[in-house]
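Coordinates in review
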Amino acid sequence: MLVAAGAFLMLVPFLWTVITSITPNGSLAGGPTLFVHNPTLAAYRQLLDALPMWRIAVNSLWIAAASTLFQLVTGSMAAYGFARLAFRGKGIVFSLYLATLMVPMQVLVVPLFIEMKTLNLQDTYMSLLAPSIASAFGVFLLRQAVESVPRDLDEAATIDGAGHLRIFTTIVLPLIRPALATVAVFAFMGSWNSFLWPLVVIRSPEFMTLPLGLATLQGQFTTDWDVVMAGSVFSVLPIAIVYLLAQRHIIAGIAHTGIK
Amino acid sequence: MKKLGWVLFFLAPSAIPLLIFTVVPMVSSLWVSLHRWNLISPMKWVGLDNYTHLLSDPTTREVFLHTVIYCAGYLPLVFAGGLGLALALNQRLPGRAFFRAAYFLPVVTSWVVVALVWKWLLNPTSGLVNSLLGALGAPQPGWWTDPTWALPAVILASAWKDLGFVMVIMLAGLQAIPQDILEAARTDGAGAWQRFWRVTLPLLSPSTFFVVVISLINGFQVFDQVYVMTAGGPQGASQVVVGQIYDLTFRYGRAGEASALSWILFAVILVITALQVRGQRRWVHYA
């Protein structure tokens, strides 16, 4: 009973968002209601006039997808390197990776911003994507997974004449799929939700991502809550669909990082 | 290919971006923190002045205090709520999958959306929360327009968003507890309450530890929801450390001080995390 009431409490804000977005002028002077009298999509039209929302949504999607792909490739390669190659200074290099994990984004924001300015990359896709090409968190998690792959498997493959590249792609990668899924979940969510960095580096609407677009919207329509809520609905929909499709993996992936 | 070749092949794709986009900025941030700089005119060396100035500036104490209040409000809320939910959903309830999905939906929603939606829910004049409070005859706080309520408003929204995350971690922890230990306690005559305090809670301590460490790290870095809901106001009543770093850089053109503040924040987080890791021996039991 309590659980059901709680679940209702979790969903009410989403419901309220949808209701506001289709209420004429967002006027709720008559008090809150579940039934909108003259439902209208006017707020959505205003939203699309104010910002190139389709493009912004596509930006968010492809940047999240690209950074996920990059982190999976760079992360799994590094994981293999740390788990399977013996070289001098490996411990030190790995500690350096771990050290970057602890640096908060805020420490990096100013110099990264300057870096992008000097490279003339501010207000470009590159500037959004670049800082998330590799993540030490991914390397750390994937290395654990590679370590758990029995060495006998690659030794057998070596005897059969397979090199590192073959072992990596045909033996290790398929066996660490659950860990790859976990990293994918975190990479995608991280990029999809990131706000501080886009806020710092992007000015033009055509390069904005959804969180930034929404925040900008709020500035433009200070009192038109119907438009702001239409924007919220617009930006929740894609991630809600992704979430519903991949729910099991997402929840399992997050739970996976908490145990150990 | 030689051995070194393979090392480079596998490590370079991650090492080069990490070097360019994390290590270099990290070092240059330290350098910037020793200068006075407005991002435009040439940097002026000031040594440790930024640090000493920040440490004696009452604003610094204030933004740290707000950040601590945020953590102190947020952590008990999500922990108690998440644990309660996990315990409930660990039972065989009808519609368990639906509830799990419902509680988890806010976790995948971005902070900006959550902040905006809650700003609207907590709108002092026409928001849903105050309308309901009004209908009940209860007082209707000004929420984000009132200095006293601005921080609680942010805490409420944050707890709502992260409840599902804590729930999932706790559920995973609960499911890792061997059933025979609970059975043994039951046969020894332990009641439900005793089993919870003496068996379940201690065996959940690794999950609890994880939640506390992660929540405090994230809590000290809180920014998105504050920026969107209150922008640190009214009258700076909800300004947090990262908000101050952002304002110092991009509103007041004091990049040197901002960098110094970000290093102070990093040091604080590091010390808190290290203390927790050291302290875990006392209370974290690995089964």
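The name recorded for chain B in an unreviewed UniProt entry is Carbohydrate ABC transporter membrane protein 1 (CUT1 family), from Asanoa ferruginea. What the UniProt record of chain B gives under Sequence similarities (unreviewed entry) is the line "Belongs to the binding-protein-dependent transport system permease family." Quoted verbatim from the Subcellular location (unreviewed entry) field of the UniProt record, the comment on chain B reads "Cell membrane".

**Comments concerning the overall build of chain A**
Of regular secondary structure, chain A possesses 13 helices and 0 strands. For chain A, the N- to C-terminal ordering of α and β elements is α-α-α-α-α-α-α-α-α-α-α-α-α. Taken over the C-alpha trace, chain A has a radius of gyration of 23 Å; the compact-globule value for 260 residues is 18 Å, which it surpasses by more than 25%. Expressed as lengths along the three principal axes of its C-alpha atoms, the size of chain A is roughly 75 × 55 × 30 Å. Burial statistics for chain A: of 260 residues in total, 54% are counted as buried. Pairs at least 24 residues apart make up 73% of the contacts formed inside chain A by residues separated by at least 6 positions. Accessible area for chain A stands at about 11900 Å²; split by element, carbon and sulfur atoms hold 68% of it. Across chain A, the mean location of the 13 positive side-chain charges is 7 Å away from that of the 11 negative side-chain charges.

**Comments concerning the pattern of salt bridges**
Scanning all chains against the criterion turns up 5 salt bridges over all chains. Here Glu-147 of chain A makes a salt bridge to Arg-143 of chain A, at a shortest N to O gap of 3.7 Å. Taken as a pair, Glu-147 of chain A and Arg-143 of chain A lie in helix H7 (residues 136-147) at a separation of 4 residues, close to a single helical turn. Judged by its relative accessible area of 21%, Arg-143 of chain A falls in the partly exposed class. A salt bridge links Arg-254 of chain B to Glu-257 of chain B, with the shortest nitrogen-to-oxygen separation between them at 3.0 Å.

**Topic: the interface of chain B and chain A**
Across the contact, 76 residues belong to chain B and 79 residues belong to chain A. Summed over both sides, the interface of chain B with chain A buries roughly 7000 Å², with 80% coming from carbon and sulfur. Considering only the surface of chain B that becomes buried against chain A, Phe-10, Phe-21 and Trp-120 of chain B emerge as the three largest contributors, covering 12% of it. In this assembly, chain B and chain A are joined by 10 residue pairs in polar contact (both at pLDDT 80 or more). Sort the elements by how many residues they give to the side of chain B that touches chain A and helix H1 (residues 3-32) of chain B lands first, with 20 residues.

**Observations regarding helix H13 (residues 255-283) of chain B**
Under the 1.5 Å per step criterion, the end-to-end length of H13 of chain B is 42 Å for 29 residues, consistent within 8% with the ideal 42 Å. Its maximal kink placed at Val-277 of chain B, H13 of chain B deviates by approximately 25°.

Cut-off values and rules
- Residues numbered from 1 in each chain as written.
- Chains lettered and ligands numbered in written order.
- Predicted model: local features only at pLDDT ≥ 70, side-chain atom pairs only at ≥ 80, totals over all residues.
- Heavy atoms only, no water.
- UniProt positions renumbered as here; feature names shortened; annotations may be inferred.
- Helix = DSSP H or I, 4+ residues; strand = E, 2+ residues; numbered from the N terminus.
- Rg over C-alpha atoms; globule rule 2.2 N^0.38 Å.
- Buried < 20%, exposed > 50% of the residue type's maximum accessible area, 1.4 Å probe, protein only.
- Contact = heavy atoms within 4.5 Å.
- Areas by Shrake-Rupley, 256 points an atom, 1.4 Å probe, with all protein chains shown as cover.
- Lys, Arg positive; Asp, Glu negative; His and termini not counted.
- Charge placed at Lys NZ, Arg CZ, Asp CG, Glu CD.
- Salt bridge = Lys/Arg side-chain N within 4 Å of Asp/Glu carboxyl O.
- Buried area = accessible area lost by both parts, 1.4 Å probe.
- Polar contact = N/O pair within 3.5 Å; in protein donor to acceptor, adjacent residues only side chain to side chain.
- Expected span 1.5 Å × (residues − 1).
- Bend = angle between axes of the 7 residues up to and from the residue.

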